[in-house]
Amino acid sequence: MKLFEIITDTKILKQISEEVKLPLSKEDEELVLDMVEYLRASQDEELSEKYNIRPGVGLAAIQLGIKKRMLAVCLVEEKKTTSYALVNPVIVSHSVRECFLNTGEGCLSVPIDVDGYVYRPYKVTIKAYDAITKKKVTIKARGYLSIILQHEMDHLDGILYYERIDKKEPFRLRQGAEVI
Ligand code: NI
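Novice: Describe the packing of aromatic side chains, with residues and values.
Specialist: Tallied over the full model, the rule gives six aromatic pairs. On the numbers, 6.4 Å between centres and 85° between planes, the contact of Y117 with Y119 is edge-to-face. The same class applies to Y117 as to Y119, namely buried. Arranged with centres 5.8 Å apart and planes meeting at 75°, the rings of Y161 and Y162 form a pair that is edge-to-face. An aromatic cluster is defined as three or more aromatic residues linked by ring pairs; in this entry it consists of F100, Y117, Y119 and F171.

Structure, rendered in structure tokens:
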């Protein structure tokens, strides 16, 4: 497992990442796959303690200071693990219905949690190249997975989750939004 140093400098994080050339170079492929492994390890109690890393379910290349449109997701649940190593992801459609995490979002690049609800579409359809399956994929995600993917895709455009929180009323409830 590769130990990454996660960037917290907003000057770097605010940059817009660039399209990655396909077919994927060996170097880019290794990087995005290492990012998935990092996330997997971060959710393992023993490993996260051993290496002193915060648990995370998503990571974008810019969080390592690499300005490329690549992101990793690894969601370890009781019965299954969902992982993606996406290159040049694009949201092709999304629901009007919104959702939000009732605990608020967090980010490995934001050391102190910012309180408030982040509203995002409940469902998204994303097209990308996936370095795990080595195929172009269409992902239909809803709820938590949809939030994770959208949070990571925001990183590619230099957007941090707290920028989406209503400053005046961070816990304002929007009608019809799904609580996750
Ligand atoms: Ni983040």
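From this point, things continue past the structure.
Novice: Break down helix α4 (residues 143-156) for me, with residues and values.
Specialist: The end-to-end C-alpha distance of α4, which contains 14 residues, comes to 21 Å, matching closely the 20 Å that a straight helix rising 1.5 Å per residue would cover. Most of α4 is tucked away, with 13 of its 14 residues classed as buried. Of the residues trailing α4, G158 is marked for its positive phi of about 75°.

About the thresholds
- Residues numbered from 1 in each chain as written.
- Predicted model: local features only at pLDDT ≥ 70, side-chain atom pairs only at ≥ 80, totals over all residues.
- Heavy atoms only, no water.
- Phe/Tyr/Trp six-rings, centres within 6.5 Å; stacked < 30°, edge-to-face > 60°.
- Buried < 20%, exposed > 50% of the residue type's maximum accessible area, 1.4 Å probe, protein only.
- Helix = DSSP H or I, 4+ residues; strand = E, 2+ residues; numbered from the N terminus.
- Expected span 1.5 Å × (residues − 1).

The analysis is restricted to geometry; functional conclusions fall outside its scope.
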